[in-house]
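# Coordinate analysis (summary)
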Amino acid sequence: DLLSEKYCTNRIIADTGKILSNLLLEQNLVSQISLLIHPTIVGKTAYRIFDNINLTQNFKLIKKKIFPKNYVWLVYEPE
């Protein structure tokens, strides 16, 4: 509400890491999650973006697109 009032905006896009994304999710401030899936297995060195989150939330798929080299873009909304 403060940002909307001060900057006359109704949408904020956050390209985040796991700390900010988890905080936004836990505060119910997320209307969409956009994920780009790379077809690579990295094992133990993986960056686990939803690690340590204290939330259980179901999402529904609203958009999907397949790019060259089998990259997949998925967009979800909370149910």
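Each chain has its residues counted from 1, following the order in which its sequence is written. Side-chain atom pairs in this predicted model are given and counted only at pLDDT of 80 or more, local residue features only at pLDDT of at least 70, and totals for whole chains, interfaces and linings cover all residues. Only hydrogens and water are set aside when side-chain values are computed; all heavy atoms of the structure are taken into account.

## Things to note about the side chain of Ser21
Quick reminder of the rule: For helices the rule is a DSSP run of H or I covering at least 4 residues; for strands it is a run of E covering at least 2, with both sets numbered from the N terminus onward. Accessibility here uses a 1.4 Å probe with only protein chains present; expressed as a share of the type maximum, an area under 20% marks a residue as buried, one over 50% as exposed, and anything in between as partly exposed. Whether two residues are in contact is decided by their heavy atoms: any pair within 4.5 Å suffices.
Positionally, Ser21 belongs in helix α2 (residues 18-26). On the basis of relative accessible area, Ser21 is assigned to the buried category, the value being 9%. In this structure Ser21 touches Thr16 and Ile49, once residues within four positions along its chain are discounted.

## Some points on the environment of Leu24
In this fold, Leu24 is placed in helix α2. Separated by 14 residues in sequence, Leu24 and His38 have C-alpha atoms that sit 24 Å apart.

## Some thoughts on the pairing of strand β3 (residues 72-78)
To keep it simple, the criterion reads: Here a strand pair is declared whenever DSSP counts at least two bridges between the two strands.
Here five bridges tie strand β1 (residues 33-37) to β3, and the two strands are oriented antiparallel to one another. Residue pairing in the sheet places Leu35 in a bridge with Leu74 of β3. The turn joining strand β2 (residues 59-66) and β3, which pair antiparallel and follow one another in sequence, is formed by five residues; a positive phi near 65° is taken by Lys69.

## A word on the pattern of salt bridges
Note the threshold: Every case where a carboxyl oxygen of Asp or Glu lies within 4 Å of a side-chain nitrogen of Lys or Arg is listed as a salt bridge.
Tallied over the entire structure, the rule returns one salt bridge. Salt-bridge contacts for Asp51 lead to Arg48; the nearest nitrogen and oxygen are separated by 3.1 Å. Note on Asp51: relative accessible area 25%, which makes it partly exposed. For Arg48, a relative accessible area of 54% corresponds to the exposed category.

## As for the confidence of the model for the protein chain
The cut-off we apply is this: A residue's pLDDT is the predictor's confidence in that residue, given on a scale from 0 to 100.
Overall, the prediction assigns the protein chain a mean pLDDT of 89, with 100% of residues at 70 or greater. Of all secondary-structure elements in the protein chain, the lowest mean pLDDT belongs to helix α1 (residues 2-7), at 86, while β2 reaches the highest, 97.

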